[in-house]
Amino acid sequence: MKHIRSMSFPAIAFCFLIVFLIAFQAGQRGIPVEDGGEFLTVARLGGINHPPGLPLLSLSSRLSWILFGEEGLRVLFACAAASALILITKKYTVSSLFFLTGVLLLPSIAGRLLIWDAYGFLFLIYAVAYFRKPPLNLEAGFLLGLALAIHPQGIFLIVLFRRNRSSILQFFCGLLLGLSLYLALPLYSASGAVVDWGSTGTLDNFVRQVTAGGYREVYGGKMFGISYDVLLRYLGSLWKIVWPVLLLPLITGVIQLFKTDRKLLIRLEILVVLDLLFVTIINPMAAGTTQTAILSLFVVLVLAAAGMNSIYNWKRIAGVIAAGAVLAGGILLWTPLPDQENEIREYFSSAPFESVFFISSNDILYGGWVLKYVEDRRPDIVLLSTGNFSAWFERMATWFNPEVDLSAGVLDVGDFSMSREELAGRLINAAILDNPNRPVFTDIQR
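Below is a summary of the structure that appears in this document. Counting from 1, residues in each chain are numbered in the order their sequence is written. This being a predicted model, a pLDDT of at least 70 is required before a residue's local features are given, and a value of 80 or more before pairs of side-chain atoms are given or counted; all residues contribute to the totals for chains, interfaces and linings. For the side-chain quantities, the full set of heavy atoms in the structure was used; hydrogens and water were omitted.

1. Overview of the pairing of strand S1 (residues 356-359)
Next, step 1: Categorising residues by exposure relies on relative accessible area from a 1.4 Å probe, with only protein chains included: less than 20% of the type maximum marks a residue as buried, more than 50% marks it as exposed, and the intermediate range marks it as partly exposed. Only DSSP runs of H or I reaching four residues or more are called helices, and only runs of E reaching two or more are called strands; each is numbered from the N terminus. Alternating positions in S1 separate into two faces, Val356 and Phe358 on one and Phe357 and Ile359 on the other, with burial throughout.
Next, step 2: Bridging between S1 and strand S2 (residues 382-385) involves four bridges; their strand directions are parallel. Residue pairing across strands places Ile359 opposite Ser385, the latter belonging to S2.
Next, step 3: Chirality of the crossover, the property in question, places the unit of S1, helix H19 (residues 362-374) and S2 among those that are right-handed.
Next, step 4: In terms of strand pairing, S1 meets strand S3 (residues 440-442) through three bridges, oriented parallel. Bridge pairing in S3 links Phe358 to Thr442. A pair of strands is treated as paired once DSSP finds two or more bridges between them. Here a crossover is taken to be right-handed if, once the strands point away from the viewer, the path from the first strand over the helix to the second is traced clockwise.

Next comes the structure, spelled out in structure tokens:
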């Protein structure tokens, strides 16, 4: 037994290194879409991410830039993905290496684990909990706190904890320790962080930030109901994860756990149901995208890994062939993560000197952040949002372009009884009048 254990560490290290290198090479390049540009800007400038703040990701992103510069986030997310997959497989053979590398190259999986967002790190915490299987003690509480410092869906981590040898006091102490990362938000605000997302130095703003109050105000009408269209989009995303090469190992894994560990199988099924409810009720806006189904992806890969191990234990050559099919599928289906560098450069390259942009698309807005704040190109332009006229956002703009006049507020152009669209139009008009020497562009109708 000692010999086996001593031989396993080199195998684990080798598997990790290979998966890490593949994850790094397959990682994000250029200017990412969605929230990736925001994460890269936070890595470059420091600060916090969008509500609920994501302090673990914010701090890790900044540290990655300090250590590795522009490649920092690629290193960070490659390390997280490789670590999570190594923890899930629990076997370190040629078959498991084929399986892990193939899985990582599948577009529906790479788009969730390697994209610069909260989901890869949330997946990692779930993989740690699955591997460790802690009871409700200090470790479990700490893991839950870390998960909640990444994404609200971290609350479902408790499903994976064991109930024997529990200590509720230790559990809550660990939970508070993990949640203490949220203290980074008011500390960042007090230090004058440029990317602030709402100045969480006051208690009201702090509570609003960590509870994502702004999201409920904007998207509240779309939440708390199950839509047939949303359900179909969510199920479609699950099918893209499974089909075609993970279907056989998934079914095999379900059969294997049904025979050997039904309690674990039930817990995994509960996670799928909770993931479905979260997407359809709380976050239907992102259904069908790579920003959802991360817990279901976790369940699929746990079951598929168990299935692969079962096939390999039954007959090694069959395990190698099945894993080789996953690897072949990953190679054939692999596509680079979305890179909008050409589009962003074209969008801003023709703009006159010292232009002001009011942008409704987050892809373009955060892409502009990368261009201006990360790559130090077009320092003359001013980037604003048509949906965010918060004081911190305007301070971020004037920090780099202090001569811009954005002093007009809501009460200067109207009142809070007006619709967001009308207020946005009036504030944009005020900015045009207050900055007569600057060209102003917007992608909304006024």
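2. Details of empty space enclosed by the protein
Next, step 1: With a 1 Å grid spanning the protein atoms alone, the term cavity applies to any set of points in which a 1.4 Å probe fits but cannot get out, the term pocket to an open set with protein on both sides within 12 Å along at least five of seven lines, and the term lining residue to any residue with an atom within 4 Å of a point. Grid points are joined across faces, edges and corners, and a volume is the space filled by probe spheres set on the points. Per the counting criterion, the structure on display carries two cavities of 30 Å³ or more.
Next, step 2: Roughly 80 Å³ of volume is contained in the largest cavity.
Next, step 3: Along the walls of the largest cavity sit Phe358, Phe389, Glu394, Asp405, Leu406, Ser407, Ala408, Leu427, Ala430, Ala431 and Asp434, which together make up its complete lining.
Next, step 4: When residues in the lining of the largest cavity are grouped by element, the largest group, four residues, is from helix H22 (residues 420-434).

3. Focus on unusual backbone geometry
Next, step 1: The peptide bond linking Pro51 to Pro52 adopts the cis configuration, its omega dihedral lying at 10°.
Next, step 2: Within the secondary structure layout, Pro52 lies in the loop between helix H2 (36-45) and helix H3 (55-68).
Next, step 3: For Lys133, which is not glycine, the phi dihedral falls at a positive 50°.
Next, step 4: Given the relative accessible area of 24%, Lys133 is considered partly exposed.
Next, step 5: The phi angle at Asp376 is positive, at roughly 60°, despite the residue not being glycine.
Next, step 6: Along the chain, the position of Asp376 falls in the loop between H19 and S2.
Next, step 7: Residue Asp376 is classed as exposed on the basis of its relative accessible area of 51%.

4. Regarding the side chain of Ser310
Next, step 1: In this structure, Ser310 sits in helix H16 (residues 294-314).
Next, step 2: Classification of Ser310 as buried rests on a relative accessible area of 19%.
Next, step 3: Throughout, a contact is declared for two residues whenever any of their heavy atoms are within 4.5 Å. Setting aside its immediate chain neighbours within four residues, Ser310 contacts Thr252 and Gln256.

5. Thoughts on the packing of aromatic side chains
Next, step 1: Ring geometry is summarised as follows: Phe, Tyr and Trp rings, the Trp one being its six-membered ring, pair when their centres sit within 6.5 Å, and such pairs are stacked at plane angles under 30 degrees, edge-to-face over 60 and tilted between the two. Taken as a whole and judged by the stated rule, the model has 20 aromatic pairs.
Next, step 2: The interplanar angle of 70° and the centroid separation of 4.9 Å between the aromatic rings of Tyr347 and Phe348 together place this pair among those described as edge-to-face.
Next, step 3: The exposure class of Phe348 is buried, given its relative accessible area of 0%.
Next, step 4: Seen in terms of ring centroids, Tyr373 and Phe400 are 4.8 Å apart; in terms of plane orientation they differ by 45°. Their pairing is tilted. Residue Tyr373 is located in helix H19, and its partner Phe400 is located in helix H20 (residues 391-400); the two are separated by 27 residues in the primary sequence.
Next, step 5: Look at Tyr373 and you get buried, because its relative accessible area is 3%.
Next, step 6: Each residue in the set Trp197, Tyr366, Trp369, Tyr373, Trp392, Phe393 and Phe400 is aromatic and connected to the rest through ring pairs, giving one cluster.
Next, step 7: In this analysis the charged atom, NZ for Lys or CZ for Arg, is taken to sit over a ring once it is within 6 Å of the ring centre and within 35 degrees of the ring normal. Its guanidinium or amino end placed over the ring of Phe24, Arg74 lies 4.0 Å from that ring's centre, counting from NZ or CZ.
Next, step 8: Above the face of the Tyr130 ring, Lys133 is positioned so that its terminal group lies 4.4 Å from the ring centre.

6. Notes on H20
Next, step 1: Those residues of H20 that sit buried are Trp392, Phe393, Glu394, Met396 and Ala397.
Next, step 2: The secondary structure elements touched by the buried residues of H20 are H2, H19 and S2.

7. Observations concerning the packing of helix H5 (residues 94-105) against H16
Next, step 1: Two elements in contact, H5 and H16, have axes whose closest approach is 10 Å; the angle formed by their N-to-C orientations is 150°. Relative to H16, the element H5 is oriented roughly antiparallel. With respect to the hand of their crossing, H5 and H16 are arranged in right-handed fashion. Taking contact as the criterion, the partners of Ser95, Phe99 and Val103 in H5 are, on H16, Leu301, Ala304, Ala305, Met308 and Tyr312.
Next, step 2: Class assignment for the residues of the contact of H5 with H16 results in seven nonpolar, one polar and no charged. Working convention: axes come from line fits to C-alpha atoms, limited for helices to the stretch in contact. Angles between N-to-C directions cover 0 to 180 degrees. Each angle gets one of four labels, with under 35 degrees taken as roughly parallel, over 145 as roughly antiparallel, 65 to 115 as roughly perpendicular, and the rest as oblique. Crossings are classed by handedness, with left-handed meaning an anticlockwise turn of the near helix from the far one by less than a right angle and right-handed meaning a clockwise turn. Note on residue categories: nonpolar means Ala, Val, Leu, Ile, Met, Phe, Trp, Tyr, Cys or Pro, charged means Asp, Glu, Lys or Arg, and polar means any other residue, Gly included.

8. Quick look at the sheet that holds S2
Note: strands within a sheet are paired through backbone hydrogen bonds, in either parallel or antiparallel orientation.
Next, step 1: With parallel pairing, three strands are arranged side by side in an open sheet as S2-S1-S3. With partners counted over all chains shown, the strands left at the sheet margins are S2 and S3, one partner each. When the angles between neighbouring strand axes are averaged without regard to direction, this sheet yields 20°.

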